[in-house]
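Spelled out, the chains give:
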Number of protein chains: 2
Amino acid sequence: MERTRSAILAAAASVLARDRAATLPQIAAAAGVGRTTVHRYYPDRDTLIKAAVEDSAQVIGEAVTEARLDEGTPVEALHRLVTAYLSVGDRLVFLFNDPHVMRDYGVDQPDGPPPGDPVLDLIERGQAEGVFDDQSTATWIQHVLWALVYTGIDEVNKGTVSRHGVAATVIRTLERGILT
Amino acid sequence: MERTRSAILAAAASVLARDRAATLPQIAAAAGVGRTTVHRYYPDRDTLIKAAVEDSAQVIGEAVTEARLDEGTPVEALHRLVTAYLSVGDRLVFLFNDPHVMRDYGVDQPDGPPPGDPVLDLIERGQAEGVFDDQSTATWIQHVLWALVYTGIDEVNKGTVSRHGVAATVIRTLERGILT
DNA sequence: CCAAAACGGAACGCTGACGTTCCATTTCTG
DNA sequence: CAGAAATGGAACGTCAGCGTTCCGTTTTGG
């Protein structure tokens, strides 16, 4: 069943995001599936993780594509990007929070989205138009963006901030910093 | 020998910061010591990690204390704090990057410094004086601070940013965000 | 210089997670 | 409804890392 396959991949991403040493039975349970069934789809742990990595990368890629970063002002596009990232929070944390995941199982660069990344394009466009800080490198801004999104996800998971208001908080801090 | 003890603790923090699943022989090797010797000081893995946690917490605590956060303007104090945090980067990453570490081995709160934290005091003072954003909670600002410090440490470890200039970059982004 | 302490290597048993196989049961599908 | 496919439980061997013991070697300190 194809439904089982995606349930396993989603569960793997979700569980491994919270605990990268999660055991295989834990993943199976989270997917509502027996350990045997997991092995039927993915012979060994490495195969499973690699498949989950690719699945997550695709889901994130689609979310970013739908954000249409090349349209509108850079600030508007940035808003859509943050919202898109937050909507796939679990997958983001799974893929990029532990450098080892992408380094060991990723198909492309050790960390961060692949080259030709629309996110980097957006940042560079914003810098070229003079609205994004160009004292910082585009890479730095990109990493700051991720860091704030991660922080927002943590807050939501912890209940400190509502899932509804987190995007606004992340964007405000990202744009203006913490000074008044 | 007391020198051996601190070498083991420092190695544990450093190695576990980079790979939380690091094996015990790896830690011993990083400390320049045999596995047997590690066991002589710390009977089992849990004891070792707990000791490393307490050691790191103390080192970080001293660094923060030396930053004298209650002196000068909040912005000045914030600069000193960022510098202090960056100077103990490895230990910070070890303690707080993986929520499980403090949850399983920490003596106080599951994450972040203990209550009565001078850092929170500083943030609240800055908000009261009207220089720090008070649309955000103090906790949010604190977590953003950590996130940017972590990001700065990553960049340094990766060679993207010089160890010398990273404090200025972190502070600039923290204060003004990424817009011009 | 010599005894005592510290160290490191080797070997052993133990445990938890993994990967495999077998088979009974449930769920599709024609 | 009947055969085929998918599922999940149980049991087994394997293996890596842990914790322990023993003993020879190095370092410390009087």
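Bear in mind the structure is a predicted one, so any value in this text is a computation, not a measurement. (Residues numbered from 1 in each chain as written. Chains lettered and ligands numbered in written order. Predicted model: local features only at pLDDT ≥ 70, side-chain atom pairs only at ≥ 80, totals over all residues. Heavy atoms only, no water.)

Draft legend 1. Inspection of the protein's contact with DNA strand C at higher detail. In the region of DNA strand C, 18 residues are neighbours, and T23 and R45 of chain A together with T4, G34 and T37 of chain B sit closest. Each atom of DNA strand C within 4 Å of the protein was classed as base or backbone; sugar and phosphate made up 48%. Interatomic distance of 3.5 Å between a side-chain N/O atom of R35 of chain B and a base nitrogen of DNA strand C. Where the surface near DNA strand C is concerned, the elements lending two or more residues are α2 (24-30) and α3 (35-41) of chain A together with α3 (35-41) of chain B. The element contributing the most residues to the surface near DNA strand C is α3 of chain B, with 5 residues. Along the lines of polarity and charge, the residues of the surface near DNA strand C split into 6 nonpolar, 7 polar and 5 charged. (Near = heavy atom within 4 Å. Polar contact = N/O pair within 3.5 Å; in protein donor to acceptor, adjacent residues only side chain to side chain. Helix = DSSP H or I, 4+ residues; strand = E, 2+ residues; numbered from the N terminus. Nonpolar A, V, L, I, M, F, W, Y, C, P; charged D, E, K, R; others polar.)

Draft legend 2. The arrangement of the relation of the copies chain A and chain B in detail. Superposing chain A onto chain B requires a rotation of 180 degrees together with a translation of 0.0 Å along the rotation axis, leaving an RMSD of 0.1 Å. Both chain copies can therefore be described as sitting about a two-fold axis. Closest approach to the rotation axis among the C-alpha atoms of chain A is made by G177 of chain A, whose C-alpha sits 2.0 Å away. A shared binding surface is used by both copies, with 100% of the interface residues of chain A retained as interface residues in chain B. (Least-squares fit on C-alpha atoms with pLDDT ≥ 70 in both. Contact = heavy atoms within 4.5 Å.)

Draft legend 3. Examining the packing of aromatic side chains more closely. Residue and element names in this part refer to chain B. Scanning the entire structure with this criterion turns up 2 aromatic pairs over all chains. A ring pair is formed by F96 and W146, whose centres lie 5.7 Å apart and whose planes are at 0 degrees; its orientation type is stacked. With F96 in helix α6 (residues 89-96) and W146 in helix α9 (residues 138-158), this pair connects stretches of sequence that are 50 residues apart. There is no split in this pair, since F96 and W146 are both buried. (Phe/Tyr/Trp six-rings, centres within 6.5 Å; stacked < 30°, edge-to-face > 60°. Buried < 20%, exposed > 50% of the residue type's maximum accessible area, 1.4 Å probe, protein only.)

Draft legend 4. Expanded view of the interface of chain A and chain B. Listed as interface residues are 34 residues of chain A and, on the opposing side, 34 residues of chain B. Both sides together, the interface formed by chain A and chain B hides about 3,400 Å², and carbon and sulfur atoms give 60% of it. Sorting the residues of chain A by area buried against chain B places W140, I178 and L179 of chain A first, and these three jointly supply 23% of that buried surface. Where chain A touches chain B, the interface holds 2 salt bridges. Taken together, chain A and chain B are joined by 18 residue pairs in polar contact (both at pLDDT 80 or more). Looking at the side of chain A that touches chain B, the elements that each hand over two or more residues are α5 (74-87), α9 (138-158) and α10 (166-176) of chain A. For the side of chain A that touches chain B, the element with the most residues is α9 of chain A, which contributes 10 residues. When the residues that make up the side of chain A that touches chain B are grouped by side-chain class, the tally is 13 nonpolar, 11 polar and 10 charged. (Buried area = accessible area lost by both parts, 1.4 Å probe. Salt bridge = Lys/Arg side-chain N within 4 Å of Asp/Glu carboxyl O.)

Draft legend 5. Representation of the pattern of salt bridges in the model. Residue and element names in this part refer to chain B. One pass over the full model with this rule turns up 12 salt bridges over all chains. For D98, the salt bridge goes to R20, with nearest N and O atoms at 2.6 Å. With D98 in the loop between α6 and α7 (99-105) and R20 in the loop between α1 (2-18) and α2 (24-30), this pair connects stretches of sequence that are 78 residues apart.

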